[in-house]
Amino acid sequence: MTLYQPFLDYAIAYMRSRLDLQPYPIPTGFESKSAVVGKGKNQEEVVTTSYAFQTSKLRQIRAAHVQGAIRCKC
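Conventions we followed
- Per chain, residue numbering runs from 1 following the sequence as it is written.
- Local features in this predicted model are restricted to residues whose pLDDT is 70 or higher, and side-chain atom pairs enter the listing and the counts only when it is 80 or higher, whereas totals over whole chains, interfaces and linings include all residues.
- Computation of side-chain values: all heavy atoms of the structure, hydrogens and water removed.
- In summary, the pairing rule links any two rings of Phe, Tyr or Trp, Trp by its six-membered ring, whose centres are within 6.5 Å, and it sorts them by plane angle into stacked for under 30 degrees, edge-to-face for over 60 and tilted for everything else.
- Runs of E in the DSSP output that reach at least two residues are strands. Runs of H or I that reach at least four are helices, and both are numbered from the N terminus.
- Burial classes: relative accessible area under 20% of the type maximum marks a residue as buried, over 50% as exposed, and values in between as partly exposed (1.4 Å probe, protein chains only).
- We call a charge positioned above a ring when the Lys NZ or Arg CZ atom is no farther than 6 Å from the ring centre and deviates by at most 35 degrees from the ring normal.
- In a helix, the anticipated span is given by 1.5 Å times the number of residues less one.
- In this description, the arc belongs to the directions extending from the helix axis to the C-beta atoms.
- Two residues form a contact once any of their heavy atoms are found within 4.5 Å.

The next subject is the packing of aromatic side chains. One pass over the structure, following the stated rule, counts one aromatic pair. Ring centres of Tyr-10 and Tyr-14 lie 6.0 Å apart, and the angle between their planes is 25°; on these two criteria the pair is classed as stacked. Residue Tyr-10 and its partner Tyr-14 are located together in helix α1 (residues 5-18), separated by four residues, close to a single helical turn. For Tyr-10, a relative accessible area of 53% corresponds to the exposed category. Residue class for Tyr-14 comes out partly exposed when judged on its relative accessible area of 42%. For the cation-ring pair, Lys-33 lies above Phe-30, with the distance from its terminal atom to the ring centre recorded as 5.0 Å.

A separate point is α1. With 14 residues, α1 should cover 20 Å at 1.5 Å per step; its first-to-last C-alpha distance of 20 Å lies within 8% of that length. Inspection of α1 places Gln-5, Leu-8 and Ile-12 among the buried residues, and these make up the whole buried set. Taken down its axis, α1 places every buried residue within 65° of arc, on the same side. Projecting away from the buried face of α1 at angles above 90 degrees are the exposed residues Phe-7, Tyr-10, Ser-17 and Arg-18. Against β3 (44-54) and β4 (61-67) lie the buried residues of α1.

Shape is all these values report; function is a separate question.
In structure tokens:
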């Protein structure tokens, strides 16, 4: 669970309760992508998940959730 996952879940549930959401196509391979960023012992995996919907009045509703570690060099 990430910091923003509860907000994303709430936002999608709220839109579903108020709108007739239909899936909007996401290009193959972009539904979820992962990459390793950083060098040496600072390497971390980052995962981006995309969501897309449409309604009769809204052509495209999109959200992306980026999950990765945040490091502070304070």
